[in-house]
Amino acid sequence: MKKIIFSSLAAIIALSALTGCTRTSYAIHTNDGRTIVSDGKPTETDAGLLGYTDANGVKQQINKQEVKEVSEIPH
């Protein structure tokens, strides 16, 4: 019985650890000095826009010409 409980607990902890590492945040640095944190990797559109999801979960876009640099935020 203890073996089953221990195995189940170990599986739950391992799964929790993996789900915490699945999403990476990125910092979008603009030419005017702002820093925007995106949840997940920003995507480029054919129209010259950079699409991202902000910290509140809202999808946003910014003109790619306004972006100086995009960098991954280390955990």
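Residues numbered from 1 in each chain as written. Predicted model: local features only at pLDDT ≥ 70, side-chain atom pairs only at ≥ 80, totals over all residues. Heavy atoms only, no water.

Undergrad: Residue-level account of the sheet that holds strand S6 (residues 67-72), with values.
TA: Ordered by their spatial adjacency, three strands build an open sheet running S2-S1-S6, and the pairing between neighbours is antiparallel. Among the strands making up the open sheet, the edge pair consists of strand S2 (35-39) and S6. Along the sheet, successive strands turn relative to each other by an average axial angle of 25 degrees, direction set aside. Sheet topology places strand S1 (residues 25-30) next to S6; five bridges connect them, and they run antiparallel. Looking at the pairing, Thr30 lines up with Val67 of S6. (Pairing = 2+ DSSP bridges. Helix = DSSP H or I, 4+ residues; strand = E, 2+ residues; numbered from the N terminus. Axes fitted to C-alpha atoms, helices over the stretch in contact; angles between N-to-C directions.)

Undergrad: Break down the pairing of strand S4 (residues 49-53) for me, with residues and values.
TA: Among the five residues in S4, four count as buried, and that is most of the element. Note that strand S3 (residues 43-44) and S4 share two bridges and pair antiparallel. Residue pairing for S4: Thr43 is matched across the bridge by Gly51. Counted between consecutive antiparallel strands, the loop separating S3 from S4 contains four residues, among which Gly48 sits at a positive phi close to 85 degrees. When S4 meets strand S5 (residues 59-63), the two strands line up antiparallel, connected through five bridges. When the sheet's bridge partners are listed, Tyr52 is paired in S5 with Gln60. Between S4 and S5, which pair antiparallel and follow one another directly, the connecting turn spans five residues, one of which, Gly57, has a positive phi of 85 degrees. (Buried < 20%, exposed > 50% of the residue type's maximum accessible area, 1.4 Å probe, protein only.)

Undergrad: Tell me about the environment of Gly40, and name the residues and values.
TA: Here Gly40 shows up in the loop between S2 and S3. Classification of Gly40 by relative accessible area gives buried; the value is 8%. Counting along the chain gives 13 residues from Gly40 to Ala27, while the straight-line C-alpha distance between them is 9.9 Å. Discounting residues that sit within four places of it in the chain, Gly40 has contacts with Arg23, Thr24, Ser25 and Tyr26. (Contact = heavy atoms within 4.5 Å.)

Undergrad: Please set out the pattern of salt bridges residue by residue, giving values where relevant.
TA: Under the criterion given, the structure shown has two salt bridges. Across the pair Arg34 and Asp32 runs a salt bridge, and its minimum N-O distance is 3.3 Å. Overlapping salt bridges bring together Asp32, Arg34 and Glu66 as one network. (Salt bridge = Lys/Arg side-chain N within 4 Å of Asp/Glu carboxyl O.)

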